[in-house]
Amino acid sequence: MKPITATNMNVNELKHWRLAIEDGGIAVAIFDKAGESANSLSAEVMGEFGRILDQLDLYPPKGLIVRSGKEAGFIAGADIGEFSQLDSPEKGRALVARGWELFNRLAAVSYPTLALVRGHCLGGGLELALACRYLLAVDEPGTKMGLPEVMLGIFPGWGGMLRLPQRIGAPAALDLMLTGKTLDAKRAKKMGLADDCVPPRVMEPAARQLLLSGQPRRPLPFKLRLMNGPLKGVVAGGARKQVAKKARPEHYPAPYAIIDIWEKHGGNALVAPEVVDRIISSPTARNLVRVFFLQERMKAFGKASDFKAQRVHVIGAGVMGGDIATWCALRGMTVTLQDQNLERIAPALQRAHKLFSRRLREPLRVRAAFDRLIPDPVGDGVAHADVVIEAIFENVEAKHALFKSLEPRMKPGALLATNTSSLRLEDLRTVLQRPERLVGIHFFNPVAMMPLVEVVEAEGADPAVIGAACAFVKQIDKLPLPVKSAPGFLINAVLAPYMLEAMRAVDEGISPETVDEAMLAFGMPMGPIELADTVGLDIAMAAGKQLAGGAEPPHCLLARAGQNQLGKKSGQGFYVWNEGKAQKGAAGNVPPGLADRLARPLIERTQKLVADGIVADADLADGGVIFGTGFAPFTGGPLNFSKSP
Ligand code: NAI
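Residues numbered from 1 in each chain as written. Predicted model: local features only at pLDDT ≥ 70, side-chain atom pairs only at ≥ 80, totals over all residues. Heavy atoms only, no water.

### Points about the pairing of strand E3 (residues 26-31)
- Burial runs high along E3: 6 of the 6 residues are buried.
- Covered by surrounding structure in E3 are Ile-26, Val-28 and Ile-30 together with Ala-27, Ala-29 and Phe-31, the residues of both alternating faces.
- Bridging between strand E2 (residues 17-21) and E3 involves 5 bridges; their strand directions are antiparallel. Paired with Leu-19 across the strands is Ala-29, a residue of E3.
- The loop that links E2 with its antiparallel partner E3 comprises 4 residues; one of these, Gly-25, has a positive phi angle of about 90°.
- Bridging between E3 and strand E4 (residues 63-68) involves 6 bridges; their strand directions are parallel. When the sheet's bridge partners are listed, Ile-30 is paired in E4 with Arg-67.
- Remark: the E3/helix H1 (residues 43-58)/E4 crossover connection has right-handed handedness. (Buried < 20%, exposed > 50% of the residue type's maximum accessible area, 1.4 Å probe, protein only. Helix = DSSP H or I, 4+ residues; strand = E, 2+ residues; numbered from the N terminus. Pairing = 2+ DSSP bridges. Right-handed = clockwise from strand over helix to strand, strands pointing away.)

This is the structure in structure tokens:
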């Protein structure tokens with residue numbers, strides 16, 4: 001490959017791109033953002049790409065391949081830092097125009113273009129790839145394509161709303177744009193987003209061959225063409241109904257805007273500047289961008305240590321241990337799972353098989369994951385494990401006996417973690433030779449669904465162990481939140497007074513349905529009464545005793561728990577449960593101020609935990625409560641919400 005010289009191409013001052021012309025006349029633009037480990041599209045990056053196109057206008061190549069120079073993937077999306085600095089409608093519109101115009105220009109060049117997509121290709125990155133004539137996806141686990149702008153409260157305004165429906169049809173495109181879901185390389189090919197999907201070893205020749213093939217794009221089937229034309233209104237109506245089931249327009253305006261811009265403006269947001277202004281300046285977008293940065297901050301806790309686990313040993317194959325082991329195996333680790341006998345491990349393996357099948361789909365990958373999850377009733381895995389996680393009964397004596405037998409068998413440097421919810425780490429570690437090495441790694445139920453994991457630091461714990469625990473949590477793609485050892489840590493401690501207040505409202509005669517509706521309308525993913533039923537009313541009772549500061553338990557809870565009505569697991573609690581679903585009646589009129597009343601104790605407890613130093617600062621508390629409880633993300637978290645006018 002011959003680099004372009006300053007004499008024939010004036011692109012030698014590029015900071016973020018390299019451009020080379022191969023002997024055969026193919027130009028290759030390599031994106032390698034300076035000073036960053038992942039590529040994102042900033043104003044400067046896009047300006048440089050424009051200059052590359054200028055030069056290629058002057059000296060048209062046989063074809064152009066756009067690819068990444070990073071290990072980390074193709075392009076992660078737009079530079080969100082720039083987005084968060086927009087402070088006027090003019091700047092917002094200019095940002096949309098910048099990508100819309102650049103990618104239209106790319107789409108219109110006279111020579112064939114190809115995006116070689118390896119690793120993540122998201123948001124603006126996919127919009128760039130969609131503007132190329134061909135998209136070649138490299139089949140490896142990290143390859144993911146999608147338009148997740150909606151998760152930041154905005155829309156894919158750089159051509160995504162125009163080109164994705166044209167490429168794969170409106171129903172699939174809207175599904176991707178409205179949910180933020182991503183596709184792997186094989187699915188991208190199957191759906192027509194990628195023209196082809198190849199293994200890494202043949203990607204270079206395959207890219208050149210496809211680029212010069214002259215091959216026309218696979219046309220959309222007739223029905224999908226109709227859906228982009230005369231049937232647009234029907235598709236848009238259906239999509240609005242789907243969105244309404246999940247997101248209220250007053251909380252999340254962006255998905256509704258995406259449907260409108262596609263249906264009424266051909267995917268061009270610039271012809272609807274009022275929509276651009278409204279969405280970009282919305283508190284929702286501001287707060288969701290804030291949540292994005294909070295998430296990045298939590299991920300960063302996992303990057304501070306170079307601890308890396310390959311083998312994990314989990315003791316206790318119950319609700320939590322079984323699912324923790326499964327999750328680690330899904331994430332590529334070799335996991336041994338111990339319980340008192342094989343019969344107790346079997347249900348966990350059954351659940352594991354279901355999860356692997358759902359998540360991995362391909363039989364070979366499902367099989368490989370299943371092979372990584374090894375039942376180990378005797379505990380042979382302890383000696384080989386990098387991380388040992390205890391998830392047995394919530395009982396100090398049982399845990400003591402276990403720790404005593406574990407510690408001498410563990411590898412030096414291995415982590416010893418407990419998943420306890422309510423026992424003091426300071427009490428649990430008294431039997432250890434090296435008590436400073438015990439760490440809490442507190443998962444939430446259901447493990448596969450909940451993104452947050454609290455990393456619990458007991459008094460005097462070894463900071464290296466806490467760092468390693470955060471690295472492990474990040475390694476299994478969860479968000480680590482360091483918290484100090486205190487009853488309920490952060491998440492259970494803030495949920496307890498909130499659920500208590502909800503039950504007090506029921507004691508006052510407000511129906512469970514109405515209480516739940518108040519918080520659903522507030523933006524919670526689940527009402528507090530349904531949450532209590534889901535957690536189990538026995539557990540709610542126990543948590544109340546520990547966390548309610550001596551307050552009387554609510555009558556409605558006492559009565560039900562007294563009759564062994566424990567919620568979802570017993571089929572009856574506040575609601576009757578049928579096939580895992582609460583059978584709810586109609587909610588009554590929500591009394592004014594009810595949601596604020598119920599949210600207040602949660603907010604106040606969060607403030608107190610920040611003041612007590614249980615979590616490092618208010619931002620992390622907000623991030624933790626959002627990812628640990630589902631607290632309405634559009635509010636930016638409980639403390640951010642409490643500051644809003
Ligand atoms: P569980 O009762 O479903 O499972 C406990 C398992 O541990 C049982 O299968 C039991 O046979 C096994 N076990 C007990 N003693 C053992 C020993 N000495 N050796 C090997 N296996 C032994 O309990 P669950 O709900 O999974 O809770 C486990 C831990 O996780 C507890 O510390 C709990 O506080 C914590 N936790 C529970 C959550 C939940 O929602 N259930 C959420 C977060 C943490």
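### Details of the site of the ligand
- Surveying the vicinity of the ligand reveals 19 residues, the closest of which are Met-320, Asp-339, Arg-344, Glu-394 and Lys-399.
- Interatomic distance of 3.4 Å between a backbone N/O atom of Ile-392 and an oxygen atom of the ligand.
- A distance of 3.0 Å separates an oxygen atom of the ligand from a polar side-chain atom of Asn-419.
- Calculation on the ligand without its partners gives an accessible area of 840 Å², and the protein chains cover 80% of this total.
- Across the shell around the ligand, the residue classes tally to 7 nonpolar, 8 polar and 4 charged. (Near = heavy atom within 4 Å. Polar contact = N/O pair within 3.5 Å; in protein donor to acceptor, adjacent residues only side chain to side chain. Areas by Shrake-Rupley, 256 points an atom, 1.4 Å probe, with all protein chains shown as cover. Nonpolar A, V, L, I, M, F, W, Y, C, P; charged D, E, K, R; others polar.)

### Side note on the sheet that holds strand E12 (residues 311-315)
- Taken in spatial order, the 8 strands of this open sheet run E14-E13-E12-E15-E16-E17-E18-E19, and their pairing is mixed. Edge positions in the sheet fall to strand E14 (373-375) and strand E19 (479-484), since each has one partner strand and no second. With strand direction ignored, the average angle separating the axes of adjacent strands in the sheet is 25°.
- Sheet analysis places strand E17 (residues 438-442) next to strand E18 (residues 452-457), joined by 3 bridges and oriented antiparallel. For Ile-441, the partnering residue across the bridge sits in E18 and is Val-455.
- Where helix H15 (residues 342-360) meets the sheet, its contacts fall on strand E13 (334-338) and E14, and the angle it forms with E14 comes to roughly 165°. (Axes fitted to C-alpha atoms, helices over the stretch in contact; angles between N-to-C directions. Contact = heavy atoms within 4.5 Å.)

### Concerning the domain arrangement of the protein chain
- For the protein chain, the assigned domains are domain 1 (2-281), domain 2 (305-487) and domain 3 (492-613).
- Its C-alpha centre places domain 1 at a distance of 40 Å from the equivalent point of domain 2. (Domains from an automatic or database assignment.)

### Comments concerning a positive patch on the surface
- On the surface, a cluster of positive charge is contributed by Lys-144, Arg-187, Lys-190, Arg-361 and Arg-365.
- Within the secondary structure, Arg-187 sits in helix H7 (residues 185-190).
- Taking relative accessible area as the criterion, Arg-187 reaches 33% and is therefore assigned partly exposed. (Patch = residues over 30% accessible without salt bridge, like charges linked within 9 Å, V, L, I, M, F, W, Y side chains within 5 Å. Salt bridge = Lys/Arg side-chain N within 4 Å of Asp/Glu carboxyl O. Lys, Arg positive; Asp, Glu negative; His and termini not counted. Charge placed at Lys NZ, Arg CZ, Asp CG, Glu CD.)

### Quick word on the side chain of Glu-22
- Within the secondary structure layout, Glu-22 lies in the loop between E2 and E3.
- Using a relative accessible area of 14% as the deciding quantity, one classes Glu-22 as buried.
- Polar contacts involving the side chain of Glu-22 include one to the side chain of Arg-208, which spans 2.6 Å.

### Describing the pattern of salt bridges
- This structure, assessed with the given rule, holds 42 salt bridges.
- For Asp-79, the salt bridge identified is with Lys-33, shortest N-O distance 3.3 Å. With Asp-79 in the loop between strand E5 (73-75) and helix H2 (80-84) and Lys-33 in the loop between E3 and H1, this pair connects stretches of sequence that are 46 residues apart. No difference in accessibility class separates Asp-79 from Lys-33, as the two residues are buried.
- Arg-424 serves as the salt-bridge partner of Asp-427, at 3.4 Å between the closest nitrogen and oxygen.
- The network of salt bridges with shared partners includes Glu-22, Arg-67, Glu-204 and Arg-208.

### Digging into the sheet that holds strand E10 (residues 182-183)
- An order of E5-E7-E9-E10 is seen for the 4 strands of this open sheet, with the pairing classed as mixed. The open sheet has two free edges, formed respectively by E5 and E10, since each of these has just one partner strand.
- Across 3 bridges, strand E7 (residues 120-122) lies against strand E9 (residues 144-146) in parallel orientation. Across the sheet, Leu-122 pairs through a bridge with Gly-146, a residue of E9.
- Contacts from helix H4 (residues 124-131) reach E5, E7 and E9, with the element oriented near 85° to E7.

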